[in-house]
Amino acid sequence: MSIFFSILVISAKNPVHSILYLVLTFFTFTVQYVLLNAQFLAVVNFIVYMGAILVLFLYTLMLINLNKSSEPVKSNIVKIAGVLGGGCLLVVLVGCLKQVGVADPVLLKDPGLGLVQNLGKVLFNQFLLPFEVSSLLLLSAMVGAVLLATKETKSV
């Protein structure tokens, strides 16, 4: 499904549909992370990529004026270069797929390897001081950004 949705991303005519297919592609990546017992990566992928970056892409795309009349005409040389580049990519992918064999499933020696619980234990035991210092730095940066963004009002 990841490959199918990623093909739809690059083949969609409407850019908004392309971004929505990209959301579905990242969702399939999240499902794959859960199946690989990497819950932290799944949550980060879901929150950061699907929640933040793609929403920004969508808003940016909606703010851009996408008229057909303003689109520049591509020359035949650019089209030929695109076809040659795609052909080279296809040859490389076919060559790579011929080299790939069927592997045995990976068995983890530690079944709790990708769990968020283990990350939390390490983060709040070994790295508690750097975690708290980084939270204070982020807080001071946020306060500074708010102070820089506000306009000064003159009191009479």
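Use the structure listed above.
A quick note: this is a predicted structure, and the numbers were derived from the prediction, not measured. (Residues numbered from 1 in each chain as written. Predicted model: local features only at pLDDT ≥ 70, side-chain atom pairs only at ≥ 80, totals over all residues. Heavy atoms only, no water.)

Student: Can you help me understand the packing of aromatic side chains in this one?
Tutor: Think of a pair of aromatic rings as described by two things: how far the centres are apart, and how the planes are tilted against each other in angle. Scanning all chains against the criterion turns up four aromatic pairs. Look at phenylalanine 4 and phenylalanine 5: their rings are 5.5 Å apart centre to centre, the planes differ by 55°, and that puts the pair in the tilted class. Given the relative accessible area of 13%, phenylalanine 5 is considered buried. A connected cluster of aromatic rings, assembled from ring pairs, spans Phe26, Phe29 and Tyr49. (Phe/Tyr/Trp six-rings, centres within 6.5 Å; stacked < 30°, edge-to-face > 60°. Buried < 20%, exposed > 50% of the residue type's maximum accessible area, 1.4 Å probe, protein only.)

Student: Quick question: what am I supposed to make of helix α1 (residues 2–11) here?
Tutor: Helical periodicity: at 3.6 residues per turn, an α-helix aligns residues three or four positions apart in one direction. For α1, the set of buried residues is Ser2, Phe5 and Val9. Here the buried residues of α1 occupy an arc of 75° about the axis, which is enough to place them on one side. Exposed residues pointing more than 90 degrees away from the buried face of α1 are listed as Ile3, Phe4 and Ile10. Looking at the buried positions of α1, the neighbouring elements they touch are α2 (15–35). (Helix = DSSP H or I, 4+ residues; strand = E, 2+ residues; numbered from the N terminus. Arc of directions from axis to C-beta. Contact = heavy atoms within 4.5 Å.)

Student: Help me out: how do you make sense of the environment of phenylalanine 27 in this one?
Tutor: Mapped onto the secondary structure, phenylalanine 27 falls in helix α2. The class of phenylalanine 27 is partly exposed, set by a relative accessible area of 40%. The spacing of phenylalanine 27 and phenylalanine 46 is 19 residues in sequence and 7.0 Å in space, taken between C-alpha atoms. Non-local contacts of phenylalanine 27, meaning those with residues more than four positions away in its chain, are made with Phe46 and Met50.

Student: How should I be thinking about the packing of α2 against helix α3 (residues 39–63) in this particular structure?
Tutor: The description of two helices packed together rests on the angle between their axes and the distance between the axes. Their axes nearest at 9 Å, the elements α2 and α3 cross at an angle of 175°. Viewed along their axes, α2 and α3 adopt a mutual orientation that is roughly antiparallel. Facing Pro15, Val16, Ile19, Leu22, Val23, Phe26, Phe27, Phe29, Thr30, Tyr33 and Val34 of α2, the residues of α3 in contact are Leu41, Ala42, Asn45, Phe46, Tyr49, Met50, Leu54, Phe57, Leu58 and Leu61. When its residues are assigned to classes, the contact of α2 with α3 shows 19 nonpolar, two polar and no charged. (Axes fitted to C-alpha atoms, helices over the stretch in contact; angles between N-to-C directions. Parallel < 35°, antiparallel > 145°, perpendicular 65-115°, else oblique. Nonpolar A, V, L, I, M, F, W, Y, C, P; charged D, E, K, R; others polar.)

Student: Quick question: what am I supposed to make of a nonpolar patch on the surface here?
Tutor: On the surface, Phe27, Val31, Leu35, Val43, Phe46, Ile47, Val48, Tyr49, Ile53 and Phe57 cluster together to form a nonpolar patch covering roughly 900 Å² of accessible area. Counting only elements with at least two residues in the nonpolar patch, the list comes to α2 and α3. A per-element tally of the nonpolar patch places α3 first, with seven residues. (Patch = residues over 30% accessible without salt bridge, like charges linked within 9 Å, V, L, I, M, F, W, Y side chains within 5 Å. Areas by Shrake-Rupley, 256 points an atom, 1.4 Å probe, with all protein chains shown as cover. Salt bridge = Lys/Arg side-chain N within 4 Å of Asp/Glu carboxyl O.)

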